[in-house]
Amino acid sequence: MAKNISRKAGSLTLGSAMLLMSMIPAASAFAATAPAVVSVTLSSEQGTVAVGNTVSFTATAVQSGTGTPLYQFWYEGVNGNWHSTSWSTSNSFSLPPLKQGSYEVVVYAKDKGQAIPANSEGTNSNQFVNVDSSATLTAPTLTNVAPGTTLTFTASSKNLTDPVYQLWIQSPDGNWFASGDYQSSPTFQVTAALAGDYHAVLYAKDLNAPQTAAFSEYSKATFDAFGQAAAVKLSATSSSLVADGAASDTITAMVVDNNGNTVGNFNGTVTLTAPSGMTFANGSDTTTLTITNGTAAVTVTASTSLIGSESITTSGLVANSGESTASVVSYGSVTVTTVSPVATELLVSAATSTVPNNTSTSDTVTITLGDQAGNPLPTGVTSTFYAVTADVVGAGTLSGGASSTTEFVGDGAPASFTVYSEPDVAGSIGIMASAQNLATGTTTIEAVGVGQAAQLGVSSTTGTLSAATTYTVSSSSSFTLASGTTETTYTVTLEDAAGQAVTAPSAETFYLTDNATTGMAYVVNGTSATLIPQTGDTVAVTVATNDTTATFTVVNTTTQASPATLTLTAESGDVANVATNAPLSTTASTSYMFVTGPAYQLAVTGTESIAEGKSATYTAQVEDSVGNAVADANAVVTFTITGSGTFANGATTLTELTNASGAASVTVDAATSAGTYTVSATISPSLTEPTSAVTATVTSPAATVAELGLSVVGPTANSYSGTTLTLPGLSSATATITEENAIQAGVSEATDNLNVSTSNGDVVLATNSGVIQSGTTLSISGAETVSFEVVGGTAGTATVTVTDTSDPSVAPVSFTVDVQPLASSTMSAANESGAGNVSGDTAAVTVNGKAVTADYAASVTDFATYNQATGEFTVLTPVIEPSVTISNSSGVVTTATVAVWEVAGSAYYVALDETPGTGAAASTDYVGVTITSPYSGSTVEMAVNSGAYDGNSVTTDSAYVAIATENSSGTWTVAPSQSFVVNTKVSLTTNGPTVVYPVLMQQP
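The structure contained in this document is the topic of the report that follows. Note that the structure is a prediction, hence the values are computed from the model and not measured. (Residues numbered from 1 in each chain as written. Predicted model: local features only at pLDDT ≥ 70, side-chain atom pairs only at ≥ 80, totals over all residues. Heavy atoms only, no water.)

**Let's talk about the overall build of the protein chain**
Stated precisely, the cut-off is as follows: In this description a helix means any DSSP run of H or I spanning at least four residues, a strand means any run of E spanning at least two, and both kinds are numbered starting from the N terminus. Contact definition: two residues touch when any of their heavy atoms are within 4.5 Å. In short, Shrake-Rupley with a 1.4 Å probe defines the accessible areas, and a residue's cover is counted only from the protein chains shown.
Across its full length, the protein chain carries one helix and 81 strands. Of the contacts formed within the protein chain by residues at least 6 apart in sequence, a portion of 66% connects residues at least 24 apart. For the protein chain, the exposed area adds up to about 45,100 Å²; of that, 49% sits on carbon and sulfur atoms.

Next comes the structure, spelled out in structure tokens:
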């Protein structure tokens, strides 16, 4: 990296003194006569200096008397050599293009009448420039280090001259201390005297640079000093709880070492137990806390029966895999005092926080007795009823316009009354309740003007499944999610343009879609699940009439790294206002983050077929209940093997730890004779399904798949080069995969799964069962080969890859597809229909003075030239011949005016007087191009001159160009020169890619 320029003023102290003194000018004293230079400073532009740039310096001399200052510049380059300029009146100097390393620049100054200084004793100033220099501090790798431990740090640097180092440490109490003066040794010893977080900063500089941070490179590191986890401490936020069944306190658990210091890097769990009647957040008097970085907190709720001092205790401290605790752990407790509830205040609440003021609208207000914790007073505490005065002020009133009412409130007997907004009066409606010996209670309701439904607001909350749940997708499809799996609930709110909730004037239905790629998200209702589609109306979310919100819950099976966008689109027919029948046309989007469930099962994968004497790798992966990999490091996996194989070390049992991804692997050596073996794996700590196995067949090499053979048959003999398939648009080729043994002979008994994918979705893959998606798995069972079709889409390139997912040791095969523009073979003539315009019909015409037989123009190239590379058509100029006799294949003779083309020595005609596709006479006649997709279910649409596509839903479409216009006299005039563009849009599949081909046609 480039570095800033540093500078200092004053005398120069240089390293390597003997060498330097031989290079600096010889000594002499300055002349004692005036004028003389008494000081000099050196400056340069400040900023970042990059490799290859230069730096300019300016010297400024201060003189006694009036004279002419002279300057000489010296610099030390990255190789240690010194270079100088001659004495001159120029006070500026530039370094040559900079290389990595350190530069020292020195300027000497004297008056023109002074003698030349020597032995570096003249008036001078210097600066240092570091280019792409850096420092690195390597801290020891630590887990738990007891306070008092001495640690070793190592320094290094880059592109500094004779580097020296200084280390600074900030201890947990915030104080900084240094290692001492700069030193050439890169090793430092630091004693961690206190427990906690330490911060270290290394400074590195040139030997001759000033001892300040401004002239140094630096590097940072942190480390922690904690003892081993030896005890659990508890503390409570409050020392007193009201026994009302609602008052709560926060209990904090801290894991500490033997010195009472919090072990800030401890992670694990601990069990808390409260007296019967008190409950934790899980609704029980016992809970297991997850400790992160030494601490955890939980809320405890008071009972209605316990009065007095009660203890909450700890037990069962468990460290995560890879961490440890002391051999003996002390468990602490905390005392919480509960007191009897008494009535101390009035609690006032409204059913809703806002009411419309378009018309007078009601809201219900409730007054309840509150205890000293601010919670409703439990039933049975007092028999006293309180006379409560409730006053209403602001933008609302009581019934009949009153502003005050008296209500009676008792233990377990709240009072309710109705408040009304005033029409067209916006603002706050204030309600104040007061009674003797009780604190006053208040609440506020906002009266707002509400518009008609205009938009959707979407919010979400997450929760977890309290029990394993099996969801049914269809009669043949279901999945199970384990307890603890995350589910996301979305609330859809119907809003006006200002974002205020409005009631639905009628049932408002919105269709839910997503843009997920590999992830599969479902809307669940009870135990039913529906996959969220990318398009369509299979998932509906409805805000019922007079409701403001609707909810839906989403879970997922397969995952993807990035969140998906969920989109809600209003159903056609939704209305914003029943009276005006105004439509509600709105969409809303939110995101869904795919989640992996808790560790549930172990899955072993590996080849199920292996040659005699060969080796294979088997992997045990921790998964959630639907097969997503779960990161679970340092779990113990025990592998066993039975049958015709052993592990690499010759054993039949082997123990491995899972890596950070939750996977552990072993290598199996197959026996040298045919047979089978089974690899089993069991994990500890145990999971719901802790064991998995794979059985492999050991076969002779001739019966073992060792490689994949590939052959490709394209439209022409030269379409496939062996690595690249050249494919015109809308044409196809067949790729065949052969499962081969080590001598490239087919393995006919192979049972395998092959994954076929394309790097470009516009190159479509298909089988005889129809179009497939990229990444589809093809199965081979009892056969040597499997084939699939490659269909050319938009012009460009793609790589098609085939992978053996059953045996990763088999190398994948791939080939490149180079898709060209549309070939003329994919097009046919789109010309006149009617008498004489039938394939096989002929006409006797004269071409270039010769009587010839002209065939009906059935191909585009019969009347035009086509440049495939550019997509350009040039329509040839026809000759118009009247009263031509046309004979068809059935012997029927027709007389018509025809347009005749001579193409490559042959003659072609089109009978005029017809409108395309109708057979009716017309004043203008046409020829054109027809595009036909060869794939069932696809559609073709064409547009002319950037106009709208015609909306066809069939596999064929045509575009036409005028060739001649009939005069009133019955003669014909060839159309003037013109050019236009025909765009062809081909939708190859319902959900697959749509490709567009530009075709340029020109008429002379």
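**Description of unusual backbone geometry**
Inclusion rule: Only protein chains enter the area calculation, which uses a 1.4 Å probe; residues under 20% of their type maximum are buried, those over 50% are exposed, and those in between are partly exposed.
Look at the link from S684 to P685: it is a cis peptide, with omega at 0°. By the element assignment, P685 lies in the loop between β56 (675-684) and β57 (691-699). Even without glycine at this site, N159 takes up a positive phi of about 60°. You can see N159 is positioned in the loop between β11 (149-158) and β12 (164-170). Despite not being glycine, D424 shows a phi value in the positive range, around 60°. With relative accessibility at 66%, the residue D424 sits in the exposed group.

**Topic: the nonpolar core**
Side chains of a nonpolar character, in soluble globular proteins, are inclined to be buried together. Filter applied, for reference: Buried residues of nine kinds, namely Ala, Val, Leu, Ile, Met, Phe, Trp, Tyr and Cys, make up a nonpolar core once their side-chain atoms join them within 4.5 Å.
Within the largest apolar cluster, 30 residues are counted, with the highest numbers of intra-cluster contacts made by L494, F510, L512, F552, V554, L566 and L568. Taken together, the elements giving at least two residues each to this core come down to β39 (486-495), β40 (508-514), β41 (521-525), β43 (540-543), β44 (549-556), β45 (564-570) and β48 (587-592). The element that contributes the greatest number of residues to this core is β45, accounting for four residues. Those residues in contact with L512, other than ones at most four positions away along the chain, are V523, I532, P533, V539, F552, L566, T567 and L568.

**Things to note about the packing of aromatic side chains**
Note the threshold: In this scheme Phe, Tyr and Trp rings, the latter by its six-membered ring, pair at centre separations within 6.5 Å, and the angle between planes marks the pair as stacked below 30 degrees, edge-to-face above 60, and tilted otherwise. Here, a charge over a ring is recorded when the distance from Lys NZ or Arg CZ to the ring centre is within 6 Å and its angle to the ring normal is within 35 degrees.
Applying the stated criterion to the full structure yields 10 aromatic pairs. Judged by centre distance (5.7 Å) and plane angle (45°), the rings of F863 and W901 are tilted. With F863 in the loop between β70 (850-856) and β71 (864-867) and W901 in strand β74 (residues 893-903), this residue pair connects regions lying 38 residues apart in the sequence. Side by side, F863 and W901 carry an identical accessibility label, which is buried. An aromatic cluster of three or more residues is present, and its members are F57, F73, Y75 and F93. A cation over a ring is seen here: K110 above W87, with NZ or CZ 5.5 Å from the ring centre. One Lys or Arg, K205, reaches over the ring of Y182 and ends 5.1 Å from the middle of that ring.

**Quick notes on the environment of I880**
With respect to the element layout, I880 can be found in strand β73 (residues 879-887). A residue is classified by how much of its surface remains accessible, and I880, at 21% relative accessible area, is partly exposed. Other than its neighbours up to four places away in sequence, I880 contacts T897, V898, A899, L912, A964, W972 and V974.

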